[in-house]
Amino acid sequence: MCQHQPPCPTAESADRESARLVAHHPEQGWSLLCNGVLLFEDTGELLPDGRIIAPHRPLGAEHVMTAA
């Protein structure tokens, strides 16, 4: 699928999110990567084979709960 040199990481690679953007739609909250991965703004992913990768962004300090 990828015509870049060096080729982008495959959808099965751990670094799949570093593939180049093919389409970017921030108003809809998603981007299509060169390797066929749909990347969502919440960091969830839909792989070309239909597998789902749950959102995995770290929580910022404002979302961390602490005991009183």
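Above this text you will find the structure in question.
Rules behind the numbers
- Residues numbered from 1 in each chain as written.
- Predicted model: local features only at pLDDT ≥ 70, side-chain atom pairs only at ≥ 80, totals over all residues.
- Heavy atoms only, no water.
- Helix = DSSP H or I, 4+ residues; strand = E, 2+ residues; numbered from the N terminus.
- Buried < 20%, exposed > 50% of the residue type's maximum accessible area, 1.4 Å probe, protein only.
- Areas by Shrake-Rupley, 256 points an atom, 1.4 Å probe, with all protein chains shown as cover.
- Pairing = 2+ DSSP bridges.
- Salt bridge = Lys/Arg side-chain N within 4 Å of Asp/Glu carboxyl O.
- Core = buried A, V, L, I, M, F, W, Y, C linked by side-chain atoms within 4.5 Å.
- Contact = heavy atoms within 4.5 Å.
- Polar contact = N/O pair within 3.5 Å; in protein donor to acceptor, adjacent residues only side chain to side chain.

1. Overview of the overall build of the protein chain
So, point 1. A count of helices and strands for the protein chain gives 0 helices and 5 strands.
So, point 2. If you list the helices and strands of the protein chain from N to C, you get β-β-β-β-β.
So, point 3. Taking all 68 residues of the protein chain together, 26% fall into the buried category.
So, point 4. For the protein chain, the accessible surface area stands at approximately 5100 Å², while carbon and sulfur atoms represent 60% of it.

2. Quick notes on the sheet that holds strand β1 (residues 21–25)
So, point 1. With respect to topology, 5 strands assemble into an open sheet ordered β1-β2-β3-β4-β5, the strand pairing being antiparallel. The open sheet has two edge strands, β1 and β5 (52–53), and neither has a second partner.
So, point 2. When strand β2 (residues 30–33) meets strand β3 (residues 38–40), the two strands line up antiparallel, connected through 3 bridges. What sits directly across from Leu-32, in β3, is Leu-38.

3. So, the pattern of salt bridges
So, point 1. Under the criterion given, the structure shown has 2 salt bridges.
So, point 2. Here Glu-45 ties to Arg-16 by a salt bridge, and the two come within 2.7 Å at their closest N and O atoms. With a gap of 29 residues between them, Glu-45 in strand β4 (residues 45–46) and Arg-16 in the segment before β1 connect regions that are remote in the sequence. Of the two residues, Glu-45 and Arg-16, neither departs from the other in class, the shared state being buried.
So, point 3. The partner of Arg-51 in a salt bridge is Asp-49, and the shortest N-O contact between them spans 2.8 Å.

4. Focus on the nonpolar core
So, point 1. Counting 7 residues, the largest nonpolar core is built from Cys-8, Ala-11, Ala-19, Leu-33, Cys-34, Val-37 and Leu-47.
So, point 2. Beyond its immediate sequence surroundings of up to four residues, Ala-19 is in contact with Cys-8, Pro-9, Leu-33, Cys-34 and Asn-35.

5. Structural notes on the side chain of Thr-43
So, point 1. Positionally, Thr-43 belongs in the loop between β3 and β4.
So, point 2. A polar contact of 2.8 Å, which involves the side chain of Thr-43, links it to the backbone nitrogen of His-56.
So, point 3. Here Thr-43 is in contact with Ala-54, Pro-55, His-56 and Arg-57, once residues within four sequence places are set aside.

6. Structural notes on the environment of Arg-51
So, point 1. As for its placement among the helices and strands, Arg-51 is situated in the loop between β4 and β5.
So, point 2. The class of Arg-51 is partly exposed, set by a relative accessible area of 42%.
So, point 3. Aside from chain neighbours lying at most four places away, what touches Arg-51 is Glu-12, Glu-45 and Leu-46.
So, point 4. A polar contact of 2.8 Å, which involves the side chain of Arg-51, links it to the side chain of Asp-49.

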